[in-house]
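# Structural overview for review
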Amino acid sequence: MTDSVVPSPTDDFTPGVSRQSLLAAFDELLQPGRFKDYGPNGLQVEGRDRIRRIVSGVTASRALIDAAIEDGADAVFVHHGLFWRGQDGRVTGWMKQRLQRLLAHDINLFAYHLPLDAHPELGNNAQLGRVLGFAPADVRFGEQDLGFCAPADFADAATLAARVQAALGRPVTLVAPGECEARPIRRVAWCTGGAQGFFEGAIAAGADAFITGEISEPQAHLAREAGVAFIAAGHHATERYGAPAAAAYVAAALGIEHRFIEIDNPA
């Protein structure tokens, strides 16, 4: 790990760390200023100043917030935050309910979207590769170099799909038509979440198979015509690993408690 996360000297004299120190540690690790993103990265909701315990999760859902409250968390760290470009800005319905809980319990919310996807060791893509047993990526591709590509050794696409399904514990969608059904997989590309639009970039990067969370109508045709296998393994399922890895790393460096809370999601 080349990144360094050092607590502020002022944090040595009272329990926990300051909100600002935790924000600085996450920003130093994930470098949000490098990315053009769909919403704000960093501190999205301000809570109490001192943080002793942080809960990580994939999405800032009401269920996660309620679980964090029950767990006694001072902060929540997620991949999918509350605020996105183009959304309705009114604080009503589900948004009111989530914000109301955070504010009533004085809990900080930190959210990092593309920066958490991209981190070369602790990000969603790096951690998915680790979970699937892939070699470290030797090529990055796609928008803002979010996609990963690495050498692989699988007998065929079905064997790769079985590995993904077993590791993630859920069914996957495999499109591996015609001549690519029995072809060995020598290079695999992947990008977590809703990265089906990166498929052409994966093909250009020399992949024999591409793994992401979702598939849209055009990708099935492209897989058949390009002879490259496409595996859709679930948006949530592929993005479960970056948030706990990054939060655990920062929590350990700052000497605070961390717990990952999984909220079931079939997507």
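In short, a report on the structure. This structure is a prediction, so every number in the text was calculated from the model and none was measured. (Residues numbered from 1 in each chain as written. Predicted model: local features only at pLDDT ≥ 70, side-chain atom pairs only at ≥ 80, totals over all residues. Heavy atoms only, no water.)

### Quick word on helix α1 (residues 19–30)
Note the threshold: For the purposes of this entry, the term helix denotes a DSSP run of H or I that reaches at least four residues, the term strand denotes a run of E that reaches at least two, and both are numbered from the N terminus. Here the expected span of a helix is defined as 1.5 Å times the quantity of residues minus one. For each residue, the accessible area found with a 1.4 Å probe, counting protein chains only, is set against the maximum for its type, and the residue is called buried under 20%, exposed over 50%, and partly exposed in between.
A rise of 1.5 Å per residue sets the reference length of α1, with its 12 residues, at 16 Å; its end C-alpha atoms lie 17 Å apart and thus fit the reference within 8%. Among the residues of α1, those classed as buried are R19, S21, L22, L23, A25, F26, L29 and L30. Backbone geometry just after α1 places Q31 at a positive phi near 50°.

### Thoughts on the pattern of salt bridges
The cut-off we apply is this: Only one rule defines a salt bridge in this text: a Lys or Arg side-chain nitrogen within 4 Å of an Asp or Glu carboxyl oxygen.
The full count for this structure, using the stated rule, is 10 salt bridges. For the salt bridge of R19 with E46, the shortest nitrogen-to-oxygen distance reads 3.9 Å. A residue pair is termed long-range when its members are at least 10 positions apart, and R19 in helix α1 and E46 in the loop between β2 (42–45) and β3 (50–51) qualify at 27 residues. Residue class for R19 comes out buried when judged on its relative accessible area of 15%. Accessibility expressed as a relative area gives 53% for E46, which makes it exposed. Of the charged contacts, one joins D88 and R90 as a salt bridge, the two residues approaching to 2.6 Å between their closest N and O atoms.

### Examining the sheet that holds strand β12 (residues 229–232)
Heads up, the condition is: The rule for pairing is simple: two strands pair if DSSP sees at least two bridges between them. Convention adopted: a line fitted to C-alpha atoms gives each axis, helices being fitted over their contacting stretch, and angles between N-to-C directions are expressed from 0 to 180 degrees. Contact criterion: two residues are considered in contact whenever any of their non-hydrogen atoms come within 4.5 Å of each other.
Spatially, six strands are ordered β7-β8-β10-β11-β12-β9 in an open sheet, and the strand pairing comes out mixed. Each edge of the open sheet carries a strand with a single partner, namely β7 (139–141) and β9 (173–175). Strand-to-strand, the axes of this sheet are offset by a mean angle of 25°, without reference to chain direction. The sheet contact formed by β9 and β12 spans three bridges and is antiparallel. Counterpart to T173 in the pairing with β12 is A232. Across the face of the sheet, helix α5 (residues 124–132) comes into contact with β8 (147–154), β10 (185–190) and β11 (209–212) while running at roughly 145° to β10.

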